[in-house]
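# Coordinate analysis (summary)
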Amino acid sequence: DIMQAQDENSKELETTLLLVRHGDRWDFAHKEWRDQMKLLGQGTFDPPLSVLGHVQARETASELAKETGIDAILCSPYLRTIQTAQPTADLLGLPLFLEEGIAECMHSPNWLPSTAERYFYFPQVDPNYLPIHTIQAEPENMNKFTGMPSERWPDQYL
């Protein structure tokens, strides 16, 4: 029977996702950072990793390098997530795909530096990658940190 022959010859496709949270944040390790950023007229919503966070990122990369079959690295467009994923990208020789769809809740599109701007500092970022999901800002959902329209809460997705 043709259907049985197709079933026997077809391979079952399987996707495995390895989820990694970003490393320790600079603003959590250095409370004065937020105040200084405000004095400088800068936002505090996109902090870098702390020293511990960079150590965690390198340790995570070493562990992930033991895995087989890692084909892609997606990370949110936030600085701390790019810095966390960067050592893994370097170790595995893979580009970083900035995926807005996995950004944190209440993400404000167009508030963070663009992919091209991130590429300037992080050449591991693929500037040609097109995100799978683009966040749509809703004017009635103002982000209290950025003062800009943000995505709606996840419970409103359902």
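Whatever comes next refers back to the structure up there.
Heads up: these notes are all about the structure in this document. Values in this document were obtained by computation on a predicted structure and should not be read as measured data. (Residues numbered from 1 in each chain as written. Predicted model: local features only at pLDDT ≥ 70, side-chain atom pairs only at ≥ 80, totals over all residues. Heavy atoms only, no water.)

With that settled, the discussion passes to the pattern of salt bridges. Tallied over the full model, the rule gives five salt bridges. For the salt bridge of Arg118 with Asp46, the shortest nitrogen-to-oxygen distance reads 2.5 Å. Of this pair, Arg118 sits in helix 6 (residues 115-121) while Asp46 sits in the loop between helix 3 (32-39) and helix 4 (51-64), and the two are 72 residues apart along the sequence. Taken individually, Arg118 and Asp46 each receive the classification buried, so the pair is uniform in this respect. Here Lys66 and Glu63 are joined by a salt bridge, their closest N and O atoms 2.9 Å apart. Using a relative accessible area of 60% as the deciding quantity, one classes Lys66 as exposed. Under the relative-accessibility criterion, Glu63 is labelled partly exposed at 48%. (Salt bridge = Lys/Arg side-chain N within 4 Å of Asp/Glu carboxyl O. Helix = DSSP H or I, 4+ residues; strand = E, 2+ residues; numbered from the N terminus. Buried < 20%, exposed > 50% of the residue type's maximum accessible area, 1.4 Å probe, protein only.)

Orientation of helix 4 relative to helix 5 (residues 79-92), taken along the N-to-C sense of each, is 35°, at an axis distance of 8 Å. Both helix 4 and helix 5 take part in a crossing whose hand is right-handed. Contacts between helix 4 and helix 5 involve His54, Ala57, Arg58, Thr60, Ala61, Ser62 and Leu64 from the first element and Gln83, Thr84, Pro87, Thr88 and Leu91 from the second. For the contact of helix 4 with helix 5, the per-class residue count stands at five nonpolar, six polar and one charged. (Axes fitted to C-alpha atoms, helices over the stretch in contact; angles between N-to-C directions. Left-handed = near helix turned anticlockwise from the far one by under 90°. Contact = heavy atoms within 4.5 Å. Nonpolar A, V, L, I, M, F, W, Y, C, P; charged D, E, K, R; others polar.)

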